[in-house]
Every structure is written in structure tokens, then in C-alpha cells.
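# Structure assessment
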Amino acid sequence: MAVKMKTEYGLIDIDNNVISTVVGGAATDNYGVVGMASKNQIRDNFNEILKKDNYSRGVVVTQHDNDVAIEVNIIVSYGTKISEVCKNVQSKVKYNLETMLGITASSVNVVVQGVRVLD
């Protein structure tokens, strides 16, 4: 499934893998985020932090008419304020989607899948 946008010059299709890469990069770029987590850890058999190649497993993109909703699954660092980390992830994801892809997300939902203690 892809996000479709109509412009004066024609139709633009942006694949969900592209959106997942932009969202994953924006999410992991925040202080307090250790990495991305899989949205279905049991099915995907991932109990670890996702690498850049697998960001699409940790991001859910849904489109209803002209609205795009994003769900981001992250792992946070122990000792950080989880609510502040999530707010930062939300704002950074919305900003990157608007500036890089021209997509305005109606909602960015952050799911904290775990907490890791860093060495």
C-alpha cells in the first residue's frame, strides 16, 4: 500500500517502506530512544532492536481518505522521562514527514515496547 497524493502536475505514490524509513530515522534520532521495536514481536521473532533495514517492521502506516496515521514502536533508555521522549518523537516524525515527503500526518502514535539499561 502506498500513500497517493495528487498535485497539479500529476499523481505521486510514496511507498510505505519509504515512509517507514523516514519515520524510523526521525524516531531513533531523539535523545532517550535506544531503537525501534517490532510491532509484532512474537510473529516476527524479534526481541531485539531493529536495524535500519527493518524499520518497516516497527512502523505502521494507515491511510483513510486524505489522512495518514502513523504508529511508531520504540525502545527507550532507562532513566529518561518517557512522556518527554514520546513527545519529542511525535514532533520530530511530523516535522520530517512534512519537510521530506510533503505528507501531513493526522496522528503520530508512539508505543513504548520496552526499556533498556545502557552500559
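Look up: the structure comes first, before these words.
A brief report on the enclosed structure follows. These figures come from a predicted structure and were not determined experimentally.

Bringing the nonpolar core into the picture now. One finds I19, V23, I70, V72, I74, V89 and L97 to be the most contacted residues of the largest nonpolar core, which totals 27 residues. Elements with a contribution of two residues or more to this core: α1 (16-28), β3 (33-36), β4 (59-64), β5 (67-77), α3 (82-101) and β6 (105-116). When residues in this core are grouped by element, the largest group, 6 residues, is from α3. When sequence neighbours within four positions are dropped, the list of residues in contact with V23 reads V59, I70, V72, V93 and L97.

Nonpolar side chains collect at one region of the surface, where Y78, I82, V112, V115 and V117 lie side by side and expose about 480 Å² of accessible area between them. Its relative accessible area of 46% is what places V115 among the partly exposed residues.

Counted at 1.5 Å a residue, the expected span for α1 with its 13 residues is 18 Å, and the 18 Å between its end C-alpha atoms agrees. For α1, every residue scored as buried is listed here: N16, I19, S20, V22, V23, G24, A26 and A27. Contacts from the buried residues of α1 go to β1 (2-6), β2 (11-15), β3, β4, β5 and α3.

Tracing the backbone shows V34 in strand β3. As a C-alpha pair, V34 and V117 span 83 residues in sequence and 9.3 Å in three-dimensional space.

All right, on to the environment of T80 then. Secondary-structure assignment places T80 in the loop between β5 and α3. Take T80: its relative accessible area is 17%, and that puts it in the buried class. Sequence-wise, T80 and G32 are 48 residues apart; in three dimensions their C-alpha atoms are separated by 6.0 Å. For T80, the residues in contact, after removing those within four places along its chain, are Y31, G32 and V85. Polar side-chain contacts of T80 include one of 2.8 Å to the backbone oxygen of S77.

Quick notes on the rules
Residues numbered from 1 in each chain as written. Predicted model: local features only at pLDDT ≥ 70, side-chain atom pairs only at ≥ 80, totals over all residues. Heavy atoms only, no water. Core = buried A, V, L, I, M, F, W, Y, C linked by side-chain atoms within 4.5 Å. Buried < 20%, exposed > 50% of the residue type's maximum accessible area, 1.4 Å probe, protein only. Helix = DSSP H or I, 4+ residues; strand = E, 2+ residues; numbered from the N terminus. Contact = heavy atoms within 4.5 Å. Patch = residues over 30% accessible without salt bridge, like charges linked within 9 Å, V, L, I, M, F, W, Y side chains within 5 Å. Areas by Shrake-Rupley, 256 points an atom, 1.4 Å probe, with all protein chains shown as cover. Salt bridge = Lys/Arg side-chain N within 4 Å of Asp/Glu carboxyl O. Expected span 1.5 Å × (residues − 1). Polar contact = N/O pair within 3.5 Å; in protein donor to acceptor, adjacent residues only side chain to side chain.

So far we have only geometry, and geometry alone does not tell us how the molecule works.
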